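Tertiary structure, described
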Amino acid sequence: MKWLWLNLTLLLAFGLSGCSESPQVHQAKLFTLGTLVDVTVLHRDEAAAARAVEIVESELATVNAQWHAWRDSPLTQINQQLALGNTVAIDAATYRFIQQAQTLASHSEQRFNPAIGALVALWGFHSDERPDSAPPTQEAINALLKSAPSMADITLTETTLSSNNRAVQLDFGAFGKGYAIDQAVARLKQSGIENAIVNAGGDLRAIGSKNERPWRIGIRHPTAAGVIASLEIIDDESVFTSGNYERFFDFSGQRYHHIIDPRSGYPAQGTVSVTVIHRSAAVADAAATALFIAGAEQWPRIARQMGVDEVMLIDEQLTLHMTPKMAQRIQLEIDDAELNIVGGEQ
Ligand code: AMP
Ligand code: MG
């Protein structure tokens, strides 16, 4: 018995060293974008994998520094100027970023509305740790709703940004992570990396595969430990989830989360999580937030307008609403799920 064990160990060691010519999985953890980021790179060469991790780190850090909503950043300076009614000079990268956000906001009918930064701040979410203290008063919420800031108030040219509504305060918490991951993956591809995952706290983009086998991704259960579903990545895809469990505070027995319905000024009701699969991480990120707010009734329309057709929305009754495309590929990891497959034409 002992002999067999020894032989097995040797075999294993031999097997591993024999594999050194084939690509290996390299993993690194970074802390940026307010979350833990897991970078997985499949590569023969350890040094090349380490360079890939550096590329990801630098791209994510650049977007984080540019668009941070409450630490002093180019974004907070833009917001100060918009509040004064001034026009701001912008560079090409800023133009592309804001233009994409503005288009997605319009397609979402402003459910995804990065112009409500003042509301998000009023709810206390412009801090690293939101304390469990009272929610804002109805008067304070009404005062911000009255001016109805939206991305449609923004006038954008390739070199300037201005707003005809001084209540516009930009907050890209619902979009920046996706944009940053798209930037990082574009740079990875340019540098010859074909197989990798950039996973920022469960929101990810994966490219290629793991030695001919597809990457397999888990989707977190919104109300219990573990995963609710899993799926295999096809070629190059992003999987983003917006959930009411991600950032919240409790006060007087009531839970208040961070996804604000721009129409009511309150945390959106009725949904617990939305997962979107799309090639672009930026689109998946914005759409997950928008569809969370759109809710179980209206999400199919907003999804179509935003160009996403792989969606799973979980409502407060834990009914799983899905597009047919999502239903086809997702593997549920729970028993007795109540399913609602929506939109036969999708
Ligand atoms: P996500 O986790 O991608 O759904 O983004 C949520 C974050 O986006 C919040 O922490 C806020 O910073 C911001 N946010 C909240 N409500 C909205 C909204 N209706 N539209 C755009 N951004 C929002
Ligand atoms: Mg989002």
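Presented here is a report on the structure given in the accompanying data block. (Residues numbered from 1 in each chain as written. Chains lettered and ligands numbered in written order. Predicted model: local features only at pLDDT ≥ 70, side-chain atom pairs only at ≥ 80, totals over all residues. Heavy atoms only, no water.)

1. Points about the sheet that holds strand E1 (residues 24-32)
Neighbouring strands of a sheet are bound in pairs by backbone hydrogen bonds; such pairs are parallel or else antiparallel. Reading across the sheet, the 9 strands line up as E1-E2-E6-E7-E10-E13-E14-E15-E17 and stay open at both edges, with mixed pairing between neighbours. At either end of the open sheet lies a strand with only one pairing partner, and these are E1 and strand E17 (338-341). Sheet twist, expressed as the mean angle between neighbouring strand axes with direction ignored, is 10°. Across 3 bridges, strand E14 (residues 311-315) lies against strand E15 (residues 319-322) in antiparallel orientation. (Pairing = 2+ DSSP bridges. Helix = DSSP H or I, 4+ residues; strand = E, 2+ residues; numbered from the N terminus. Axes fitted to C-alpha atoms, helices over the stretch in contact; angles between N-to-C directions.)

2. What about the packing of aromatic side chains?
Inspection of the entire model under this criterion finds 13 aromatic pairs. Taken together, a centroid distance of 6.3 Å and an interplanar angle of 55° make the contact between Phe172 and Phe175 tilted. Between Phe175 and Tyr179 the ring centres are 5.9 Å apart and the planes differ by 45°, which places this aromatic pair in the tilted class. Here Phe175 and Tyr179 have matching classes, each one buried. Chaining the aromatic ring pairs together yields one cluster made of Trp67, Phe97, Phe112, Phe172, Phe175 and Tyr179. Positioned over the ring face of Phe249 is Arg130, at 3.5 Å from the centre of the ring. (Phe/Tyr/Trp six-rings, centres within 6.5 Å; stacked < 30°, edge-to-face > 60°. Buried < 20%, exposed > 50% of the residue type's maximum accessible area, 1.4 Å probe, protein only. Lys NZ or Arg CZ within 6 Å of the ring centre and 35° of its normal.)

3. Details of the coordination of the magnesium ion (ligand 2)
The magnesium ion (ligand 2) binds to the protein through Ala174 (O), Asp285 (O), Asp285 (OD) and Thr289 (OG1); the donor distances cover 2.0 to 2.5 Å. Motif for the magnesium ion (ligand 2), donor spacing along one chain: A-x110-D-x3-T. One end of the pair, Asp285, and the other, Thr289, are both in helix H8 (residues 281-306), 4 residues apart, so they sit about a helical turn from each other. The exposure classification of Asp285 matches that of Thr289, with both residues buried. (Donors = N, O, S within 2.8 Å, 3.2 Å for Na, K, Ca; no water.)

4. A word on empty space enclosed by the protein
Evaluated as defined, the whole model comprises 1 cavity of 30 Å³ or more. Put simply, the largest cavity is a space of about 30 Å³. Forming the walls of the largest cavity are Ala115, Ile116, Ala118, Leu119, Leu144, Pro149 and Ala167. For the lining of the largest cavity, a count of residues per class yields 7 nonpolar, no polar and no charged. (1 Å grid on protein atoms, 1.4 Å probe; cavity = no way out; pocket = protein on both sides within 12 Å on 5 of 7 lines; lining within 4 Å. Points joined across faces, edges and corners; volume = space filled by probe spheres on them. Nonpolar A, V, L, I, M, F, W, Y, C, P; charged D, E, K, R; others polar.)

5. Quick word on the sheet that holds strand E16 (residues 331-332)
Taken in spatial order, the 3 strands line up as E8-E9-E16 in an open sheet, and their pairing is antiparallel. Every other strand in the sheet has two partners, leaving strand E8 (216-220) and E16 as the edge strands with one partner each. Two elements, E8 and strand E9 (residues 227-232), share 5 bridges in a ladder whose sense is antiparallel. Opposite Ile219, over in E9, you have Ala229 as the bridge partner.

6. A closer look at the nonpolar core
Counting 73 residues, the largest nonpolar core has Leu170, Phe172 and Phe175 as the members making the most contacts within it. Of the residues forming this core, the biggest block, 16 residues, is contributed by H8. Phe175 has contacts with Phe97, Gln100, Ala101, Leu104, Phe112, Ala282, Asp285 and Ala286, leaving out every residue within four places of it along the chain. The next biggest cluster of nonpolar side chains, apart from the first, holds 20 residues, and it includes Trp215, Ala229, Leu231 and Ile233. (Core = buried A, V, L, I, M, F, W, Y, C linked by side-chain atoms within 4.5 Å. Contact = heavy atoms within 4.5 Å.)

7. Describing unusual backbone geometry
You will see that Asp235, though not glycine, has its phi angle at about 70°, which is positive. Relative to the elements of secondary structure, Asp235 occurs in the loop between E9 and strand E10 (236-243). A positive phi angle, near 50°, is found at Ser252, a position not held by glycine. One can find Ser252 in the loop between strand E11 (248-251) and strand E12 (254-257).

8. Some words on the site of ligand 1
Near ligand 1 there are 18 residues, and of these Asn113, Ser242, His258, Ile260 and Thr289 occur at the shortest range. In this structure, Ile260 approaches ligand 1 through a main-chain N or O atom, which is 2.8 Å from a nitrogen atom. Note that an oxygen atom of ligand 1 is positioned 3.0 Å from one of the side-chain N or O atoms of Asp285. No other element matches the 3 residues that H8 contributes to the shell around ligand 1. Here the shell around ligand 1 is built from residues that sort into 9 nonpolar, 5 polar and 4 charged. (Near = heavy atom within 4 Å. Polar contact = N/O pair within 3.5 Å; in protein donor to acceptor, adjacent residues only side chain to side chain.)

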